[in-house]
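# Topology and contacts: notes
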Amino acid sequence: MISSTRNKAAKISAIALLVICITVLHYRTDHLHITNHILFREMYFLPIFLGGFWFGMYGGVGTSLFVTLLYLPYVLALPEGISGHNFGNVTQIIIFNVFGLFLGLLRERELRRQQQLRETESLAAMGKAISCIAHDMKTPLMAIGGFVQQVKRKITDDALARKLDFTFEQVQRLEVLVGDMLAFAKPLNLQYQQGRINHLLEEIVMISGEKAARHGVTIRTELQENMAVTEYDKNRLHQALLNLVNNALEASPKGSEVIIRNQHLGSDIIVEISDSGSGISEDLFDDIFTPFVTTKKEGTGLGLSIVKKIIDAHGGSINVTENSDKGVTFRITVPVKLHKDI
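For clarity, every value in this text was computed on a predicted model and none was experimentally measured. (Residues numbered from 1 in each chain as written. Predicted model: local features only at pLDDT ≥ 70, side-chain atom pairs only at ≥ 80, totals over all residues. Heavy atoms only, no water.)

## Looking at the overall build of the chain
Of regular secondary structure, the chain possesses nine helices and seven strands. Burial status across the chain gives 35% buried among its 342 residues. Counting contacts in the chain only where the partners sit at least 6 residues apart, residues at least 24 apart contribute 73% of the total. Accessible surface, the chain as shown: approximately 20000 Å² in total, 58% of it carbon and sulfur. (Helix = DSSP H or I, 4+ residues; strand = E, 2+ residues; numbered from the N terminus. Buried < 20%, exposed > 50% of the residue type's maximum accessible area, 1.4 Å probe, protein only. Contact = heavy atoms within 4.5 Å. Areas by Shrake-Rupley, 256 points an atom, 1.4 Å probe, with all protein chains shown as cover.)

As C-alpha cells, this is what we get:
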C-alpha cells in the first residue's frame, strides 16, 4: 500500500515537473522566437498523455487544466492580441483539454476491459476448481448423511441421538454448500420466454410471505404498472430475485419492512430491493459479489455470486448502495429484449 502510494506520488510529481519545465521555457524565451514556442507548446502533449495513461480521465483532464492554468496567462500577455499566432495558442489550449478528456476516457475504457477480462479468466479458473471439488465431495456427503440416519434409527440414547442430529445438520449444510458450488461452476444455458417481470415479482412476494411473517417483517411493493413485456429465463431470474428478497428479510429487524420497486427506464427494466438492516461493513462492500465472501455466519458466500452470474447472463447488471437512513438497496438492471404485447 505504501509502495503504491509512493509510486502514484512519483508519477504526479513527474507530470507536474514536466509541465512546469515546459512553461518555464515559454516564459524565458523571447516571444518573437515563434518556432521555439510552437515546439514548446507541442511538448505539453507529453505530460497530458502521461496523465491520461496513468490516471485515466481525471489524470488527463487534470493535467490539461494544469497546463491551461500555467500557459494561458503567458498567451494572454503576448503583445499580438488574440490573432495570428496567439489565436493558434488559444486554439491549442482547447485541443489540450479535449485531448486530455478523450485520452482519459479511452484509457479508462481499456482498463475496465482488461479488468473484466482478468475477472472472467479468474472466475473461469475458480469455477473449474470448484466444480472438481464439489463433485468429489458430493458422493461422500450423501453416504455420510445416509449412514448417520441409519445409525440414529438404532440409537435409544437421547443424548447420542441429539449429537447425531447435529451431525446430520452439518452434513446438510455441506450439501447446500456443494449445491451452491455446482450452481456457480455450471455454465448457464438460459431458457428465454416472454413475460412481464411484475408477474414474477408478485409471485416472489407471495412465496416470501411466510418467511416475512416469521421474521416479523413487512414486504411493501412499489411496482410500476403496464411494464413492458420482455424475454428472460423465468426460473433463473426467479432464483436470483428470491435470493435477494430472502437476504433482505434476514437482514431486516422485526417490525421493519423490505421494499421491492421497479420501473421502466429507457431500454432497461430496473428492480430495486431495499432492506432495513445494519448494512454491509466497509471492508466487504466492494467484494460483496466475490465468491465465498459473506456477511452471514452460516452463509456459503456463493449466493450473491450466483445472483450476479444470472443477471450478467441476461445482459444486465447489479450493484448495491447504502440507504440514506439504514440498510442497503440492491439494484438490478435488465435490458428489455422484446417490445410488443403478448
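## Quick look at the confidence of the model for the chain
Per-residue confidence for the chain averages 82 on the pLDDT scale, and 82% of its residues sit at or above 70. Put simply, helix H8 (residues 282-285) is where the chain has its lowest mean pLDDT, 71, and strand S5 (residues 268-274) is where it has its highest, 92. (pLDDT = per-residue confidence, 0-100.)

## Brief notes about a negative patch on the surface
A cluster of like negative charges, contributed by Glu282, Asp286, Asp287 and Glu322, occupies part of the molecular surface. On the accessibility criterion, Glu282 (75% relative accessible area) is exposed. (Patch = residues over 30% accessible without salt bridge, like charges linked within 9 Å, V, L, I, M, F, W, Y side chains within 5 Å. Salt bridge = Lys/Arg side-chain N within 4 Å of Asp/Glu carboxyl O. Lys, Arg positive; Asp, Glu negative; His and termini not counted. Charge placed at Lys NZ, Arg CZ, Asp CG, Glu CD.)

## Let's talk about the packing of aromatic side chains
Applying the stated criterion to the full structure yields seven aromatic pairs. Here the aromatic cluster, defined as three or more aromatic residues joined through ring pairs, consists of Tyr27, Tyr44, Phe45, Tyr71, Tyr74, Phe96 and Phe99. The side chain of Arg107 reaches across the aromatic face of Phe53, ending 4.0 Å from its centre. (Phe/Tyr/Trp six-rings, centres within 6.5 Å; stacked < 30°, edge-to-face > 60°. Lys NZ or Arg CZ within 6 Å of the ring centre and 35° of its normal.)

## Observations concerning helix H7 (residues 234-251)
Think of an α-helix as turning once every 3.6 residues; residues three or four places apart then point the same way. Compared with an ideal rise of 1.5 Å per residue, which puts 18 residues at 26 Å, H7 spans 25 Å between its outermost C-alpha atoms and is within 8% of the ideal. All of the buried residues along H7 are Leu237, His238, Ala240, Leu241, Leu242, Leu244, Val245, Asn247, Ala248 and Leu249. Capping the start of H7, Asp233 holds a side-chain oxygen 3.2 Å from the backbone nitrogen of Asn235, two or three residues further along. (Expected span 1.5 Å × (residues − 1). Polar contact = N/O pair within 3.5 Å; in protein donor to acceptor, adjacent residues only side chain to side chain.)

## A word on the pairing of S5
Of all the seven residues making up S5, six are buried; the element is thus mostly covered by neighbouring parts of the structure. Pairing between strand S4 (residues 257-265) and S5: seven bridges, direction antiparallel. Within S5, the position partnered with Leu265 by the bridge is Asp268. With seven bridges joining them, S5 and strand S7 (residues 328-335) adopt antiparallel strand pairing. By the bridge assignment for S7, Ile273 is matched with Phe330. (Pairing = 2+ DSSP bridges.)

## Topic: helix H6 (residues 197-215)
Compared with an ideal rise of 1.5 Å per residue, which puts 19 residues at 27 Å, H6 spans 26 Å between its outermost C-alpha atoms and is within 8% of the ideal. By the largest-angle criterion, Gly209 marks the main kink of H6, which is about 45 degrees. Within H6, the full set of buried residues consists of Ile197, Asn198, Leu200, Leu201, Ile204, Ser208, Lys211 and Ala212. Looking at the buried residues of H6, the elements they touch are strand S1 (193-195), strand S2 (218-222), strand S3 (230-232), H7, S4 and S5. (Bend = angle between axes of the 7 residues up to and from the residue.)

## Describing the pattern of salt bridges
Scanning the entire structure with this criterion turns up 12 salt bridges. The partner of Lys211 in a salt bridge is Glu250, with the nearest N and O atoms 2.6 Å apart. With a gap of 39 residues between them, Lys211 in helix H6 and Glu250 in helix H7 connect regions that are remote in the sequence. Look at Glu250 and you get partly exposed, because its relative accessible area is 38%. Arg220 is the salt-bridge partner of Glu222, the closest N and O atoms lying 2.3 Å from each other. Overall, the relative accessible area of 31% leaves Arg220 in the partly exposed class.

## Focus: the nonpolar core
By size, the foremost hydrophobic cluster in this structure holds 40 residues, and its most contacted members are Leu241 and Ile273. Contributing elements (two or more residues each) for this core: H6, H7, S4, S5, helix H9 (303-313), strand S6 (317-322) and S7. Sorting elements by how many residues they give to this core places H7 first, with eight residues. Apart from the residues within four sequence positions on either side, Ile273 is in contact with Leu241, Leu244, Val245, Ala248, Val258, Ile259, Ile260, Val328, Thr329 and Phe330. (Core = buried A, V, L, I, M, F, W, Y, C linked by side-chain atoms within 4.5 Å.)

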